[in-house]
Amino acid sequence: MTLLECGSLTPFWSVELRQGTFNLGYDPEIPLGMTPSNPLALIAELTHRCPLHCVYCSNPLELQARRDELSTEAWSRVLREAASVGVLQADFTGGEPLARPDLVDLVRAARAAGLYVSLITSGMPLDEARLDALVEAGLDHIQLSFQGAREEAGNEISGTKAHAQKLRVLEWLRKRRVAVTLNFVIHRHNIDQIEEMLALAESSSTTRVEFANVQYYGWAFANREQLLPTRAQLDRSLEVLKRTEERLRGKIRVEFIAPDYYAKYPKACMGGWGRKLMLIAPNGDALPCHAARVIPSLTFENVRNCSLPEIWESSDAFQKFRGEEWMQEPCRSCDRRALDFGGCRCQALLLAGDAAATDPVCSLSPLRPKVDAILAGVNASAPTEIASRPDWLYRPNPA
Ligand code: SF4
Ligand code: SF4
């Protein structure tokens, strides 16, 4: 078992046990002061449209409309440019990428460019014929997300009746030649279901399971106090996973992505700012991470006007927090700065009001007491039944 942490999207970060990894299966180290020559993965946010309305969605609060989305041709060019600068993997995500009618064409374009193609999906809307078409077009990997092991809680969190469809997709995947990851987004109202989630995984064809605790950006930040698990819940979940480690060894790789509010040190967010990943928003804006729009001082170049290599090498947004010149104390003189890069810039903005501050989840941050106060509030009350928490802020759909 590996202890990691993550948002509802693709990047996987670590707390304490492992830092700065991504799901390419390897993690090439790049010295802090060195600008990496190329991104390794392209996160393609094809659309912000989604049939689900998850209360922890990491999409921005201001969702982009369908009319602003890049065309098939523009995405195909971006994928070719990505491959030409050394990107190895395209992660199709959203919103729900299946909402794009041209998804099969985009998978084919990514594969033709020589990229490993991964689809991060809720499984809606999908039928067997379209799944076959995606696999035929060259899809290598599907990450299927579940809101929990039980239908009622999953439907409540997603604001949609989605659980039954996910089970159908899981069954269809059993017969397809495509790698499968099951992703469970973990929070206060489902963390006690981890044994049932593991049973679901064991009954399927998956070889990898992620228990990804919610990361607090976007809609999750707005619903934070209702989503953070208690310390006791977190400890129990780790005990469950420890007990199953031997049984699953060699069959299913389990990754537990911890809530970094409980961590001693922050995550190496995105493997370091502008070091390994590029995210392209539905309208073509290029971002160093999915939450970067919360930082008001940043401006983003758009792939309609700029090539991917230009953006990677010289755009303001990608340059802003590369290296260590921007760091403040205690990060500037800390031995861990080449491991976690001072944590998450967006979290620093959200919690400290300063994107260049030490991530306040770090125990060395002068603002760590603010995080401790949030956790004290969360731990003061026992988790309640989900049905008694009707005051969610659901993620809507863009026009
Ligand atoms: S609403 Fe849910 S399924 Fe849709 S993009 Fe957000 S987290 Fe993913
Ligand atoms: S002080 Fe900065 S570099 Fe050191 S552990 Fe905390 S966040 Fe990381």
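As the structure is a prediction and not an experimental result, all values here were calculated from the model.

Please clarify how the overall build of the protein should be interpreted in this entry.
The number of helices and strands found in the protein is 14 helices and 11 strands. Considering the protein as a whole, with its 399 residues, one finds that 50% of them fall into the buried category. Within the protein, residue pairs in contact and separated by at least 24 positions form 74% of the contacts whose partners lie at least 6 positions apart.

Got a minute to help me understand the site of ligand 1 in this structure?
As a matter of local geometry, ligand 1 sits amid 13 residues, with Cys50, Leu52, Cys54, Cys57 and Ser122 nearest to it. Looking at the shell around ligand 1, its residues break down into four nonpolar, seven polar and two charged.

Sorry if this is basic, but what is going on with the packing of helix α2 (residues 103-112) against helix α3 (residues 128-137) here?
Helix packing geometry: the angle between the two helix axes and the distance between the axes. Interaxial distance between α2 and α3 falls to 8 Å at its minimum, and their mutual angle equals 15 degrees. Relative to α3, the element α2 is oriented roughly parallel. As α2 runs across α3, the sense of the crossing is right-handed. Judged by residue contacts, Leu103, Val104, Val107, Arg108 and Arg111 of α2 engage Ala133, Leu134 and Ala137 from α3.

How should I be thinking about the environment of tyrosine 394 in this particular structure?
Structurally, tyrosine 394 can be placed in the segment after α14 (368-379). Since 16 C-beta atoms lie within 10 Å of it, tyrosine 394 is described here as partly exposed. Look past the residues within four positions of tyrosine 394 in its chain and what remains in contact with it is His53, Val55 and Gly159.

What is the right way to read the packing of helix α1 (residues 72-84) against α2 from this model?
Contact geometry of α1 with α2 gives a least axis separation of 9 Å together with a crossing angle of 20 degrees. It follows that α1 is roughly parallel to α2 by the angle criterion. Taken as a pair, α1 and α2 cross one another with a handedness that is right-handed. From α1, Thr72, Trp75, Ser76 and Leu79 reach across to α2, where they touch Asp105, Leu106, Ala109 and Ala110. Tallied by class, residues from the contact of α1 with α2 come to five nonpolar, two polar and one charged.

For this particular structure, what's the right way to read the nonpolar core?
Across soluble globular proteins, nonpolar side chains show a tendency to be buried alongside one another. In terms of nonpolar packing, the biggest core is built from 107 residues, with Leu42, Tyr56, Ala90 and Ile280 touching the most fellow members. Ignoring anything within four residues of it in the chain, the contact list for isoleucine 280 reads Leu42, Ala44, Glu45, Val78, Ala286 and Val303.

Help me understand unusual backbone geometry in this model?
Most of the time, phi is negative for any residue but glycine, and the peptide bond is trans. Here the amide bond leading from glycine 94 into glycine 95 is cis, since omega sits at 15 degrees, within 30 degrees of zero. Looking at the element boundaries, glycine 95 is found in the loop between β4 (89-93) and α2. The step from methionine 124 to proline 125 runs through a cis peptide bond, and the omega angle for that step is -5 degrees. Along the chain, proline 125 falls in the loop between β5 (116-121) and α3. Even without glycine at this site, methionine 270 takes up a positive phi of about 55 degrees. For methionine 270, the position within the fold is in the loop between β9 (253-257) and β10 (277-280). Look at phenylalanine 341: it is not a glycine, yet its phi comes out positive at around 55 degrees. Along the chain, phenylalanine 341 turns up in the loop between α12 (337-340) and α13 (345-352).

Please explain the pairing of β9 as it appears in this structure.
Every regular strand shows the same layout, with side chains that alternate between the two sheet faces. Counting buried residues in β9 gives four out of five residues, a clear majority hidden from the surface. Sheet topology places strand β8 (residues 208-213) next to β9; five bridges connect them, and they run parallel. Of the residues in β9, the one forming a bridge with phenylalanine 211 is phenylalanine 256.

Would you mind showing me how to read α2 here?
Three or more residues of α2 are buried, namely Leu103, Leu106, Val107, Arg108, Ala109 and Ala110. Where α2 is buried, its residues contact α1, β4, β5 and α3. Positive phi shows up at glycine 114, right after α2, with a value of about 90 degrees.

Would you take a moment to explain helix α6 (residues 194-202) for this structure?
Helical geometry note: an α-helix holds 3.6 residues per turn, so side chains three or four residues apart project in the same direction. Every buried residue of α6 is accounted for by Ile194, Met197, Leu198, Leu200 and Ala201. Buried residues of α6, viewed axially, fall in a sector of 155 degrees; they line one side. Along its buried surface, α6 packs onto β7 (179-186), β8 and α9 (231-248).

I tried to follow the pairing of β4 on my own but got confused; where do I start?
In terms of burial, β4 is largely enclosed, as five of its five residues are buried. Sheet topology places strand β3 (residues 41-45) next to β4; five bridges connect them, and they run parallel. Residue glutamate 45 lies in a different strand from β4, and its bridge partner there is threonine 93. For the handedness criterion, the β-α-β arrangement of β3, α1 and β4 is classed as right-handed. With α2 bridging β4 and the parallel β5, this β-α-β connection has right-handed handedness.

Reading guide: rules and limits
Residues numbered from 1 in each chain as written. Chains lettered and ligands numbered in written order. Predicted model: local features only at pLDDT ≥ 70, side-chain atom pairs only at ≥ 80, totals over all residues. Helix = DSSP H or I, 4+ residues; strand = E, 2+ residues; numbered from the N terminus. Buried ≥ 20, exposed ≤ 12 C-beta atoms within 10 Å, placed from the backbone. Contact = placed C-beta atoms within 7 Å. Near = placed C-beta within 6 Å. Nonpolar A, V, L, I, M, F, W, Y, C, P; charged D, E, K, R; others polar. Axes fitted to C-alpha atoms, helices over the stretch in contact; angles between N-to-C directions. Parallel < 35°, antiparallel > 145°, perpendicular 65-115°, else oblique. Left-handed = near helix turned anticlockwise from the far one by under 90°. Core = buried A, V, L, I, M, F, W, Y, C linked by C-beta atoms within 7 Å. Pairing = 2+ DSSP bridges. Arc of directions from axis to C-beta. Right-handed = clockwise from strand over helix to strand, strands pointing away.

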